[in-house]
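# Chain and residue survey
Each chain, letter by letter, is given below.
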Amino acid sequence: MNRRLAIYGAGGHGKVIADTAVSIGWKEIVFYDEAWPQHSKHNIWNVFGNFEKLKSEFNQFSGVVVGIGNCSLRLKTHRQLCELGAPMTSLIHPFSFISPLASLGVGTVAFAGSVVNIDSRIGEACIINTGATVDHDCILGDGVHICPGANLSGGVTVGEESWVGVGASVKHGLKIGAKVMIGAGAVIVKDVSDGLTMIGSTAESFTKSKQSL
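In what follows, the accompanying structure is described. The numbers attached to residues start from 1 for each chain and follow its sequence in the written order. Totals for whole chains, interfaces and linings use every residue, but because this is a predicted model, local features are given only for residues with pLDDT of at least 70 and side-chain atom pairs only at 80 or more, for both listing and counting. Computation of side-chain values covers all heavy atoms of the structure but excludes hydrogens and water.

### Overview of the pairing of strand β2 (residues 28-32)
Which entries qualify depends on this criterion: Burial classes: relative accessible area under 20% of the type maximum marks a residue as buried, over 50% as exposed, and values in between as partly exposed (1.4 Å probe, protein chains only). A helix here means a DSSP run of H or I that spans at least four residues, while a strand means a run of E at least two residues long, and both kinds are numbered starting from the N terminus. A pair of strands is considered paired only if DSSP assigns at least 2 bridges between the two. If the strands point away from the viewer and the path from the first strand over the helix to the second runs clockwise, then the crossover is right-handed.
Within β2, four of the five residues are buried, which leaves it mostly tucked inside the rest of the structure. In this sheet, β2 lies alongside strand β1 (residues 4-8) in parallel orientation, the contact comprising five bridges. Paired with I7 across the strands is F31, a residue of β2. Handedness of the crossover is the feature at issue here: the chain leaves β1, passes through helix α1 (residues 12-23), returns alongside β2, and the resulting connection is right-handed.

Here you go:
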């Protein structure tokens, strides 16, 4: 098997994907990014071209994954590549724990120290970041990012393209809408409607906000 992996997006998130790929035996890893050709090297890996170039080179790879942190852009790009016939793949770090009775959609990555417990269903192009935990019976829509150290208790539902910030916690059984932004360290104890930004350490301090997280 040709163990060559293409990563679209040569930023910090892409580097962690590449490092994860090395740990599970991918033999050659190359990047594609719109900053090419000015950006031709990403740490130890080469940047081979931009999106248009990647589209013409799918047959050179046994796996393609999107290395973009922004949830909406990552999911949009993942779906474009799927429609174009790219061999999309998922990557799971050997120091994570993914229950054999959980499921991860194509294009999802799970980094070191992450946990996904029994009967949880993770959508496509999600990020289960370093040390994040997703307990039993959770459902994550496509394009969700569970940031480093964030914790979802059992039975939590998270809508498409939502972001759960670093160290945030979500109480069991809650429903988090689509395109929600949960700030770092927030504690969620009530359902959250679509499109809200949630900040603060208690339910009473949650608010709509245009603040950058």
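### A short note on unusual backbone geometry
That bond from W36 to P37 is cis: its omega, 10°, falls within 30 degrees of zero. The phi dihedral of E161 falls on the positive side, at around 65°, and the residue is not glycine. Topologically, E161 is positioned in the loop between β17 (157-158) and β18 (163-164). What makes E161 buried here is its relative accessible area of 12%.

### Describing the sheet that holds strand β4 (residues 45-49)
Just so we agree on the cut-off: Residue contacts are counted whenever heavy atoms from the two residues lie within 4.5 Å of one another. Comment: axis = line fitted to C-alpha atoms, over the contacting stretch for helices; angle = value between 0 and 180 degrees taken between N-to-C directions.
Taken together, five strands build an open sheet; the order of strands is β3-β4-β2-β1-β5 and the sheet is mixed. Edge positions in the sheet fall to β3 (41-42) and β5 (63-66), since each has one partner strand and no second. Pairing analysis gives two bridges linking β3 to β4, with the strands arranged antiparallel. Bridging from a neighbouring strand, H42 pairs with W45 of β4. Along the sheet face, α1 touches β1, β2, β3, β4 and β5 and points at about 165° away from the line of β2. Contacting β1 and β5, helix α3 (residues 71-83) crosses the sheet at an angle of about 155° to β5.

### As for the environment of G143
With respect to the helices and strands, the residue G143 is situated in the loop between β14 (139-140) and β15 (145-146). Sequence spacing of G143 and W163 is 20 residues, and the spatial spacing of their C-alpha atoms is 8.8 Å.

Distances and angles like these do not, on their own, reveal function.
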